[in-house]
Every structure is written in structure tokens, then in C-alpha cells.
Amino acid sequence: MSTPKFARIFPTHSSRKRKNQLSDARTTRKEKPAGDENAPEVGRAETVVLRDSGDAYVSNRLGVEPRPVLGDVNRNQPQIEGISASATKLRRFSGAGIDPNAQPPAELNRRSWCFAECSQLNSLLSDVKCPECEAGHVTIRVGDSMGLSQELVLCCDSCQYSRTEYSSPRENNLNHRQNVPFEVNTEIVLYSHEIGKGYSSVDKLCTVFGMPAMNKSSYHRIDKRVNASIVEATDATLNETVEFVREAYRETFPQGRVNAVNDDGEEDNAWEDDDGILWVDVAFDGTWHKRGFSSHYGVGVVVDVLTGYVLDFCVKSTYCHTCAMNKEKLEGMTAAEQLQWKQLHQPDCSINHEGSAKSMERDAALELWGRSVERHNLRYRTMLSDGDSTAFNALAAAQPYGPTRPITKLECTNHLPKRMGTALRKASKDGRLGGRGEGRLTKEKCQRLQNYFRSAILNNLEDQRAMEQAIWATFFHVTSTDEDPHHDRCPAGPASWCFFQRARAEGQPPPPHAGHNGTALSREVSHAVLPIYRRMTNPILLKRVAHGKTQNSNESLHNVMWGHCPKEVFVAKDRVEAATAEAVAKFNRGNFALAQVMDHMSLPITELTHSALANKDKVRVQKAERATDVAAVAARRARCAGRQRQLEQREDQEGEVYGAGLMGDGGE
């Protein structure tokens, strides 16, 4: 029986061992033509950006064949054992028509940008005769500028001959009836989105190269169109993603599965309802534009657990720039005038959330679950989350799919051990259980107990009872002494992680605890942390974590998202929404999402652009494969542990050198 395509993207702990097998989808990098090694002369100069217009290019700028029916894409392509989730996701979209390994059409090969200093161009034209008088020589003079597109005037030094062209062509967009933007202006705004900056980055770039800067109002006008194009292109990507998810569930669950209770109180063994609505397992998490829960913007994202694709997102906002700028104006209006102004502004107002920043995650979950059927014909049957908010409680109370279709809560296997560590450190601080002394609950002990808790979960995912026993075994193990050992719960046999049980299996006397287990927790500390272990071994809680899944996909998406919209830069809601959409498209489709946006805006995609995007996806897959390699993971953890030990040793040697009021009252 062949392995389903998506069956091994999120393996359980028993199948975490990965091969360092890279995708055979390789991109050959073309050799760059040799450039001029002579440096330009230093002096007064003007710089322009030129584009070789090339020949006419095809209407489909991606240079691909028409997309086949989504249900037939890659149906016979087997899933490669050990391949990363990133490679699998990119291959899925590659089969839909955007192939990173496909060579761009020849019509695009001659289209390219270059930075050219004007004196270099005039030097190149020094021997060119005037086509009209055939006596004088032609030179290039820079005229007016339209943003970064500059007027180039070819004139003769002997006659009145002149010819004018702009350094950039205008967009080939039929939607513009007048004032068609120049390609360079739109592309420079798109560039600022890629690096996560705004108008200041474009202004600084022009300053360095000595070019006229784009007008700020022109930038924001184009930026608004770029934001809308990114969101629209991402919506198209999400629609394709849903079809891929449907196919993946059909392949992974050909016999159906239990997902709900029908009207008769019986369990439905199906992955899809009679109305064609698919039940999927999702991970949900929220993130904010500012730290400290004082942000104006919050983002909620739903990720399919089986495939790792993002299914939907929403942005919550408590700030509107137009409302803020007209605040004083509104105060001078009558109540009727204020109501009229708000009614006219309401369709364009950015505020869609009332409440604190902390409640944004909860409200985002309610919105995403509430529109899943209408938008994507999906029902999210589970919610894999970190448990930091009341989002699940709100969903359970709202019952978006009715009382017979409840939503199940799942815990992240990474966040649950962190909750254990947080509880132990809080008990150490509040109960004054830490510090120096025998059997104290130090930071190192808290981290050790957290690691033991995590290992007990991951090593017993298939057996909830064994998981609970393993957690308690670690507790009694660290409270044992030579006089009072408690190793009966530890696994027996010569391969046991417990030194006491290994010695017993080999018929040897148990070695001293101090040499193998360190200093045991004191009786006072043991009694203080016992309620924490009881709470963290609740059967309901352990059942929620038995799946072995994590929120790593959500965390990775957040990293990409705030790279396009840094948290330290104040922006409007539409920029946050565009950054989120751009991150979602790249997360699902890869870096060729940029090509989709450019195609949506009728911007030509050059061969160099195509090659660069393909190479970025190649590097992404390589990094993902290295990250899942067992040896690489072990080496990385060893390096982190070594750095942490070195840091702690330095702090112990230096003593307390930094802290509030450490200088003293006198300051001498």
C-alpha cells in the first residue's frame, strides 16, 4: 500500500527520525555575464535606473502552461520518506503550474534593470553620430523625473535633433484609464514591502544614489494599490490551498474518521458531511504588532495540522488613522454632523475591534471559526493552541457549528512543558524555594524537571497511562536519596535511563545518588511542587497532548510576518494586513508568491527574478531538511546547552554586577 502524500508531514515521536534527504527539485544557477571591471570616475554625476524593454512578452508572465484541474494535480506522485513539510508544500504548488525548476520563456530573457551613471552612457555614445545631421555627436541629458522614472533626452551637439524616452516603461495594465504608473515606481514600492520598510527606505536609497526621490503622496498612492494586490493574490492562493487540503484528507482518511455526533446521538464516521463540508484539524494562535499587550493590531491565524498549510487569517485593529486625524474636527461638530461623518467613513474605517489587545486573539478565533463554512466550506473540528487565552472557552460557548458538532481542544507539546517550567519557577520565586542550599529548587533544577516532563510526554504518546506514570517517575526520581530511594516507578532493565534500575538489572549495588542524580529535592520543596505535578498530570490535559503535534507552523509564520512589518515601526492596518497576507502566501506557495503578486499587477517577471525566487525556495528546502536531520538537531542542542553552561559559569564567577539599585544610595 503506498504511503499517502501528506501522511508523514507531522509524525509522532516514534517516527521523528529523519533522513537528510533533499528534494531532487534543484535549480541550476546561470552564470552571470562578466561585468566591466573598470570603476567609474569620481565626480559630479547623475544616476538613472534603466530597463531593457526587450521584445513583446506573453500575457501569462509566469511562463507556465494553463493549470490543470486541482483534483488531478500530482495524484500519482508518491510522498518521499523523510522529506520536510516545506518541500512537500512547495511541490504541491509546483504541480499546480508554478514550477521553480521551469525555465522562463525566451521572451523575458532580455528584460532587465541596471543602475547606470549618465557619464558612462555618454562615454559609450561618444563615437555615435547624429542620425539627422551626421556631423555632430549625440549625448544623453536627464530631464524631469516622475518618481524614479526619469526623462532621458538624446540630443545632438551640432543641430536641433532630440529624442525623448523615459527610463522606465509604464505598466501594461488595462485597468488604468489615465496616469498609468511607471513600472519602476510600483516595483520600488513592492521592494519596500519585501524588506519590511516604508517610504523612508526608498528616500534613503535615492539619496545614496543621487537620484530624485519619489513624492511621498505618490508612494502612498501606489502603496495602497500594492496592499490591495497582495491581499487579492493571497486570497487566490488560499482558495487553491483549500483544494489541496481536501485532496490530502481524502488520501489520508480513505475510510473516513469519527468527527462529530449526529442528530440521533451517534458518532459520524466520515471526514466530510453530506453537504460537502470538510472537517479538518487546525492549530490556532494569535500574535500582536507590539509587545506588552498594548498593540493596536492583533492577528489570528488558522493552520491545518495535517498539511501545514495556512487556511485563513484575520487582523484586528483598534486604531484608524483617519479617525485620529479628524478627532479635533469631530469635537467641534454637532451630534448630527458627527453621526453623518461616521456613517460616511464607516466603510473605510480601520477599527474592527472594541476591547483590549488581549481580547483580540479570542475575537479573532470567533471570527475565523464563524466564517470557515462560508469562506472555504470547512469546519475546524479541533483547536491546537497554547492555552494562553480564553479563545477555546469562547468557541465552546458560541458553538459555531451547533450543539451536535463540538470543537475539541488540543495542547501543543512544546507549550505544555513550558507551562510546567513556568509553574516551577513561579513556585521557586513566590515560595522562596530557590537560592543556594541543599535540595533547593534552583533555575537549573526547574529546567531539568521541565526537560524530564517533555521527554515523558514525547516518549509515551501512544499510551496516556504510561505518560502519566513516566511523569511521576521523574518526580520521585529527583526526590530520591541513598537513605530513601523512590525508583519503583522508573523503567526497569539494563537500558533504563534510571541509574538505580540499571544497576539493579545488572545485579550490582546501586551507586550513590549524589554522583548520578545530584542533590535531591528537599522535603519542603517536594511538598511545594507536588500540587503542580498533580495539576499537570490531569488526565484531560494529558489526553489533549497525546497527539504529539506542535504550533511550530504558527510560530514560523509569525517570524515571516513581522519580517515584512517590523514591530518597532508604526504602520496602518492595511499594511499589517498586507504583511500578513504576504507571509501567508510565501508560507504556502513559497517565494514564487511574489511572482503571483507581480503578475496580478501586470509587472513583468524577468529571467533573473524567476531564477532568484527559485533559488530562495531551494535554500528554504535545504534549511528545512537540515533542521529535521537527527544529527543536526543533536548537535544544535549540544551547542545551545554548552553556551548556556558557559554563560552560567561566567555569571557565577562575576557575581551580581547588574540590577536595580545595585549601585547603592550614596552613589560613591
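Residues numbered from 1 in each chain as written. Predicted model: local features only at pLDDT ≥ 70, side-chain atom pairs only at ≥ 80, totals over all residues. Heavy atoms only, no water.

- The name recorded for the protein chain in an unreviewed UniProt entry is Mutator-like transposase domain-containing protein, from Littorina saxatilis.

1. A closer look at the side chain of Glu 411
Line of reasoning, step 1. Relative to the helices and strands, Glu 411 is located in strand E12 (residues 408-411).
Line of reasoning, step 2. For Glu 411, the side chain forms a polar contact with the side chain of Arg 419, separated by 3.0 Å.
Line of reasoning, step 3. Apart from residues lying up to four places away in sequence, Glu 411 is in contact with Leu 384, Ser 385, Asp 386, Arg 419, Leu 541, Arg 544, Val 545, His 547 and Lys 549. (Helix = DSSP H or I, 4+ residues; strand = E, 2+ residues; numbered from the N terminus. Polar contact = N/O pair within 3.5 Å; in protein donor to acceptor, adjacent residues only side chain to side chain. Contact = heavy atoms within 4.5 Å.)

2. Side note on the packing of aromatic side chains
Line of reasoning, step 1. Scanning the entire structure with this criterion turns up 14 aromatic pairs.
Line of reasoning, step 2. Taking 6.4 Å as the distance between ring centres and 40 degrees as the angle between the ring planes, the aromatic pair formed by Phe 244 and Tyr 309 counts as tilted. Of the two residues, Phe 244 sits in helix H5 (residues 216-252) while Tyr 309 sits in the loop between strand E9 (297-304) and strand E10 (310-317), which places them 65 residues apart along the sequence.
Line of reasoning, step 3. Exposure remark for Phe 244: the relative accessible area of 0% places this residue in the buried category.
Line of reasoning, step 4. Consider the rings of Phe 475 and Phe 476, whose centres lie 5.2 Å apart with planes at 80 degrees: the pair is edge-to-face.
Line of reasoning, step 5. Aromatic ring contacts, followed pair by pair, group Trp 472, Phe 475, Phe 476 and Tyr 533 into a single cluster.
Line of reasoning, step 6. Over the aromatic face of Phe 587 sits the side chain of Lys 89, whose NZ or CZ is 3.5 Å from the ring centroid.
Line of reasoning, step 7. The ring centre of Phe 293 lies 5.5 Å from the NZ or CZ of Lys 358, which sits over that ring. (Phe/Tyr/Trp six-rings, centres within 6.5 Å; stacked < 30°, edge-to-face > 60°. Buried < 20%, exposed > 50% of the residue type's maximum accessible area, 1.4 Å probe, protein only. Lys NZ or Arg CZ within 6 Å of the ring centre and 35° of its normal.)

3. Thoughts on the sheet that holds strand E3 (residues 138-146)
Line of reasoning, step 1. Pairing is antiparallel in the open sheet, where three strands are placed in the order E3-E4-E5. Edge positions in the sheet fall to E3 and strand E5 (162-166), since each of these pairs with one other strand and no more. Direction aside, neighbouring strands of the sheet carry axes that sit 20 degrees apart on average.
Line of reasoning, step 2. As judged from the seven bridges shared by E3 and strand E4 (residues 149-156), these two strands associate in the antiparallel manner. Within E4, the residue paired with Ser 145 across the bridge is Gln 150. (Pairing = 2+ DSSP bridges. Axes fitted to C-alpha atoms, helices over the stretch in contact; angles between N-to-C directions.)

4. Digging into the pattern of salt bridges
It is possible for side chains of opposite charge to pair when their charged atoms get near one another.
Line of reasoning, step 1. Following the criterion strictly, the structure yields 17 salt bridges and no others.
Line of reasoning, step 2. Across the pair Glu 165 and Arg 163 runs a salt bridge whose closest N-O atoms are separated by 4.0 Å.
Line of reasoning, step 3. Between Glu 524 and Arg 440 there is a salt bridge, and its shortest N-O distance comes to 3.5 Å. Of this pair, Glu 524 sits in helix H17 (residues 523-536) while Arg 440 sits in the loop between helix H12 (415-430) and helix H13 (443-458), placing them 84 residues apart in sequence.
Line of reasoning, step 4. Judged by relative accessible area, which is 16%, Arg 440 ranks as buried.
Line of reasoning, step 5. Residues joined in a network through salt bridges with shared partners are Asp 312, Lys 316, Glu 367, Arg 371 and Arg 375. (Salt bridge = Lys/Arg side-chain N within 4 Å of Asp/Glu carboxyl O.)

5. A look at the packing of H12 against H13
Two quantities define a packed helix pair, namely the angle between the helix axes and the distance between the axes.
Line of reasoning, step 1. Interhelical geometry of H12 versus H13 gives an angle of 155 degrees and a closest axis separation of 9 Å. If you check the angle between H12 and H13, you find them roughly antiparallel. For the pair H12 and H13, the sense of crossing is right-handed. For the pair formed by H12 and H13, the contact residues are Leu 416, Pro 417, Lys 418, Met 420, Gly 421, Leu 424, Arg 425 and Ser 428 on the first element and Cys 446, Gln 447, Leu 449, Gln 450, Phe 453, Arg 454 and Ile 457 on the second. (Parallel < 35°, antiparallel > 145°, perpendicular 65-115°, else oblique. Left-handed = near helix turned anticlockwise from the far one by under 90°.)

6. Quick word on the state of the cysteines
Line of reasoning, step 1. Counted under the stated rule, the structure contains zero disulfides.
Line of reasoning, step 2. Distance from the sulfur of Cys 323, which forms no disulfide, to the nearest cysteine sulfur (Cys 320) is 3.7 Å. (Disulfide = S-S within 2.5 Å.)

7. Notes on the sheet that holds strand E8 (residues 278-288)
Line of reasoning, step 1. The five strands lie next to each other as E10-E9-E8-E11-E12, forming an open sheet whose pairing is mixed. For this open sheet the edge positions go to E10 and E12, each flanked by a neighbour on one side alone. Strand-to-strand, the axes of this sheet are offset by a mean angle of 30 degrees, without reference to chain direction.
Line of reasoning, step 2. Two strands pair when backbone bridges link them, and E9 and E10 are joined in this way by seven bridges, in the antiparallel orientation. Residue pairing for E10: Gly 300 is matched across the bridge by Cys 314.

8. Overview of a negative patch on the surface
Line of reasoning, step 1. The grouping of Glu 444, Glu 648, Glu 651, Asp 652 and Glu 654 at the surface amounts to a negative patch.
Line of reasoning, step 2. With respect to the secondary-structure elements, Asp 652 resides in helix H23 (residues 630-654). (Patch = residues over 30% accessible without salt bridge, like charges linked within 9 Å, V, L, I, M, F, W, Y side chains within 5 Å. Areas by Shrake-Rupley, 256 points an atom, 1.4 Å probe, with all protein chains shown as cover. Lys, Arg positive; Asp, Glu negative; His and termini not counted. Charge placed at Lys NZ, Arg CZ, Asp CG, Glu CD.)

9. Considering the nonpolar core
Line of reasoning, step 1. If you look at the biggest cluster of nonpolar residues, it comprises 46 residues, and the most contacted ones within it are Leu 148, Val 301, Leu 557 and Val 576.
Line of reasoning, step 2. Filtering out sequence-adjacent residues up to four positions away, Leu 148 remains in contact with Ser 167, Val 184, Asn 185, Ile 188, Val 202, Cys 206, Met 211, Pro 212 and Met 214.
Line of reasoning, step 3. Within the second largest apolar cluster, 29 residues are counted, among which are Met 420, Val 525, Leu 541 and Leu 542. (Core = buried A, V, L, I, M, F, W, Y, C linked by side-chain atoms within 4.5 Å.)

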